[in-house]
Each structure stands twice: as C-alpha cells, then as structure tokens.
Amino acid sequence: RAKSAGGNRYELADAEADARAITRHGLTTALPAALDRGEFFIEYQPLVHLGDGSVHGAEALVRWLHPQHGVLGPDRFIPLAEHTGLIVPLGRWVLEQSVRQAMVWQERHSDAGPLRINVNLSPCQLTHPGLVSDTVDILERVGLEPNSLCLEVTESALIGADDDLLKPLRRLAEMGVDIALDDFGTGYSNLANLRRLPVSILKLDRSFTQGMQQFPADPVDLKIVEGIVSLAHSLDLAVTVEGVETGAQAEQLRLLGCDTAQGWYYARPGPPDRLHDLALVDATG
Ligand code: C2E
Ligand code: MG
Ligand code: MG
Ligand code: MG
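Residues numbered from 1 in each chain as written. Chains lettered and ligands numbered in written order. Predicted model: local features only at pLDDT ≥ 70, side-chain atom pairs only at ≥ 80, totals over all residues. Heavy atoms only, no water.

### Thoughts on helix H2 (residues 24–37)
Short version of the rule: Put simply, DSSP H or I for four residues or longer makes a helix, DSSP E for two residues or longer makes a strand, and each gets a number counted from the N terminus. The span expected for a helix works out to 1.5 Å for each residue beyond the first. What we call the bend at a residue is the angle made by axes fitted to the seven residues finishing there and the seven residues starting there. When a residue's accessible area, from a 1.4 Å probe over protein chains only, is under 20% of the maximum for its type it is buried; when over 50% it is exposed; and in between it is partly exposed. The criterion used for residue contact is that any of the two residues' heavy atoms lie within 4.5 Å.
Between the first and last C-alpha of H2 there are 20 Å, a value that for 14 residues agrees with the 20 Å anticipated at 1.5 Å per step. Along its length, H2 shows its largest kink, about 40 degrees, at Leu 31, and proline Pro 32 lies within four residues downstream of that point. Within H2 the residues assigned to the buried category are Leu 27, Leu 31 and Ala 34. Residues of H2 that are buried make contact with strand S1 (40–49), strand S2 (55–66), strand S3 (70–72) and helix H3 (74–84). Phi for Gly 38, located one or two positions after H2, is positive at around 75 degrees.

### Digging into H3
Selection criterion: Working definition: the arc comes from the directions between the helix axis and the C-beta atoms, pointing outward to the latter.
Those residues of H3 not exposed but buried are Phe 77, Ile 78, Leu 80 and Ala 81. Down the axis of H3, the smallest arc covering the buried residues is 170 degrees, so these residues share one side. Seen from the open side of H3, the exposed residues pointing more than 90 degrees away from its buried face are Asp 75 and His 83. In this structure, the buried residues of H3 make contact with H2, S1, S2, S3 and helix H4 (87–108). After H3 finishes, the residue Gly 85 shows a positive phi value of roughly 90 degrees.

### Observations concerning the site of ligand 1
Our working rule: Nearness is judged by heavy atoms alone; a residue qualifies as near a molecule or strand once a single heavy atom is within 4 Å of it. Side-chain atoms alone can form a polar contact between residues adjacent in sequence; in general such a contact is a pair of N or O atoms within 3.5 Å, and within protein one must be able to donate a hydrogen while the other accepts it.
Close to ligand 1 lie 23 residues; Arg 63, Ser 122, Asp 182, Glu 245 and Trp 264 are nearest. In the environment of ligand 1, an oxygen atom lies 3.1 Å from a nitrogen or oxygen atom belonging to the side chain of Arg 206. At a separation of 2.5 Å, a nitrogen atom of ligand 1 approaches a polar side-chain atom of Glu 245. At the level of secondary structure, the elements contributing two or more residues to the shell around ligand 1 comprise S2, H3 and strand S6 (178–184).

### Side note on the coordination of the magnesium ion (ligand 2)
Let me state the cut-off plainly: The donor set covers N, O and S atoms within 2.8 Å of the metal, switching to 3.2 Å for Na, K and Ca, and it leaves out water, so a site may look short of donors.
Protein-derived coordination of the magnesium ion (ligand 2) comes from Glu 59 (OE), Asn 120 (OD1), Glu 152 (OE) and Asp 182 (OD), at a distance range of 2.0 to 2.2 Å. Mapping the donors of the magnesium ion (ligand 2) onto the primary sequence gives the spacing E-x60-N-x31-E-x29-D. Separating the magnesium ion (ligand 2) and the magnesium ion (ligand 3) is a distance of 3.7 Å, and Asp 182 donates to both of them. Pair noted here: Asn 120 is in strand S4 (residues 116–120) and Glu 152 is in strand S5 (residues 149–154), with a separation of 32 residues, a long-range link. On the basis of relative accessibility, which here comes to 30%, the residue Asn 120 falls in the partly exposed class.

### Topic: the coordination of the magnesium ion (ligand 3)
Within the protein, the atoms that donate to the magnesium ion (ligand 3) are Asp 182 (OD), Asp 183 (OD), Glu 242 (OE) and Glu 242 (OE), at distances of 2.0 to 2.8 Å. Within one chain, the residues serving as donors to the magnesium ion (ligand 3) are arranged as D-D-x58-E.

### Side note on the pairing of strand S8 (residues 238–241)
Convention followed: Strands are treated as partners if at least two bridges between them are detected by DSSP. Orient the strands so they point away from the viewer, and a crossover whose first-strand-to-second-strand path over the helix runs clockwise is right-handed.
Where strand S7 (residues 201–204) and S8 come together, 4 bridges link them in parallel fashion. Bridged to Lys 203 within S8 is Thr 240. Chirality of the crossover, the property in question, places the unit of S8, helix H11 (residues 247–255) and strand S9 (residues 260–261) among those that are right-handed.

Now the structure itself:
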C-alpha cells in the first residue's frame, strides 16, 4: 500500500502494478495456509420470492481477505483451488459455515419461515467420494433439515454427465437437498437432458436478465426466457433469476413467471446479519 503521508503518484502506480502482477503462482502457493489462518469469509446474498418480495434464503459467496492484496473475489482464486485440489477442503469449510449460518437464521427468525441456504459446488467436489457423507455429516451435526439446503452446480459441470457423476447428486436429492443448475443457458446443454438430471431448480444466467434492462424488453429475449420458464415448470423445476439490478427487470421476470430472484436490486452480497434485518422486516411487515 502506498504511504498516504508524503506518498506520491509513483508509489501509487507501483503499488497498482504490483497488485496486477500478483502471479497465479503466488496466490496458488498461499492458498493452503490461507485456509489454516482463516483468511476466507463468506458473504450472503438474499434470494427473494418475485411474487411478494419476501426473503426466501441466501446464496453463500466465498471471499479471500488476503493480507497484502485485500479482498479477492472467487473468480480470482476458485480456479486455482480447483487446480490444486484445495477446493475440496475449502468447499467443505464453506458448506459447514453456511449450514451453521442458516441454522442461526432459522433459530432467530422462526416466524419468517425457514430461510434456506444455497452453496456452490465445484466440478471437483462432485467427483470427490466424500461429497455425500460430508454433507450428511454437516447437516446432522448442525441439525439443519436437508430441505433447507440447496447445492448449486453449473450447467457446464453436468453436460454429458454419466450416471457415476450423477449418483451422489441423486442421493442428496433423495434426502431432500435441492440441486440447482447454476448459470443455466450458458452451457449449450440439450434441454431434453434436463429430465435425467436430479435438479429441482434452474438458475437462469445473468446474461438473460441483462436483456430485460429496458421496458419493454427485447422481444427475442422475452420469448427465450418465456420458453425456458414454461419448459422448466412443465418439468416441475422452479426458476431463479440472477443479476436482477432494476425494478423493471424484476417486474418483467415476475410477469414471465420466474419464481425467485437475486441481484443488486434487492441486495448486494453482505455479512450474515444483513439477512436478519431483511427477513425481520419481512416477517413483521
Ligand atoms: P454464481 O454462483 O453465478 O454467483 C453469482 C455471482 O453474481 C456472484 O459473484 C454475485 O456477487 C454476482 N451478482 C449477484 N447479483 C448481481 C447483480 O445484480 N449484478 C451483477 N453484475 N452481479 C451480481 P461472485 O460473488 O464474484 O462469485 C462468482 C462465482 O464464483 C459464483 O458465480 C460461483 O460460481 C463462484 N463461487 C462463489 N463462491 C463459491 C464457493 O464457495 N464455491 C465454489 N465452488 N464456487 C464459488
Ligand atoms: Mg451460484
Ligand atoms: Mg449463478
Ligand atoms: Mg453466474
């Protein structure tokens, strides 16, 4: 960091160049110790019912408070953690923290309806043999109902998935855990394929939401979303939309029949207590 007293432009420029020059290598080697030292933390972004705007739950989004470089978003380090395998213990840590947090919300706001928690899973976690047992173990130790948990898997991770890959997800789904297909619409999957996946929720990618910025929205975008929603509903899947930034988008997506939404229009990802406040306002009117 550039010294503020007496710091000059060159120092600042150097610092910025340094920051940009952080190599993948440097971050990669720092990852395991970061987990031991507790440098990761989780922000929660509310998911709301489009019908009445009430809070449905939240998605857990991991961040890394790096001692030199400040807060790093998941796009900076999740790919590195996937590459080295650290994603397995990191993912397990995120799951346990998030499940504990959901339990705290539920205990504090029993009148708000059971708030649910969504946790992202990497493809490497899907193929890890401990996925089902770790998840069951965490839910049991914490005492959270399986149907309060939703695991998000990207569409691309499941493209061409064979039965071996789907088996653990199927077992979790049978226990009552919801599986959501994240970033849906970006992965060119065969729509007929949806029937064989143990998913109960489609999360429509932000790129679709972006097409709804104007009112009225682009007619082609409207038709596409309308088609996806009707297909999803006919397969008994709920539709969540991500990246809702304006009231106009929320209204269009509600009219199109989407069920739940997430985005800056409602709230940015934030500390767990913020969800308390939102849900409490909800419950008390
Ligand atoms: P995602 O699961 O699709 O999460 C949604 C991303 O969209 C988040 O980015 C969120 O902050 C951002 N977002 C939410 N609302 C808006 C909006 O209205 N406008 C815009 N422009 N963006 C919005 P974030 O937190 O940077 O996470 C990026 C990705 O990193 C996530 O995408 C997810 O795939 C991955 N990720 C995050 N946490 C974890 C984790 O614990 N494990 C794994 N494996 N992946 C994670
Ligand atoms: Mg997600
Ligand atoms: Mg997503
Ligand atoms: Mg996304």
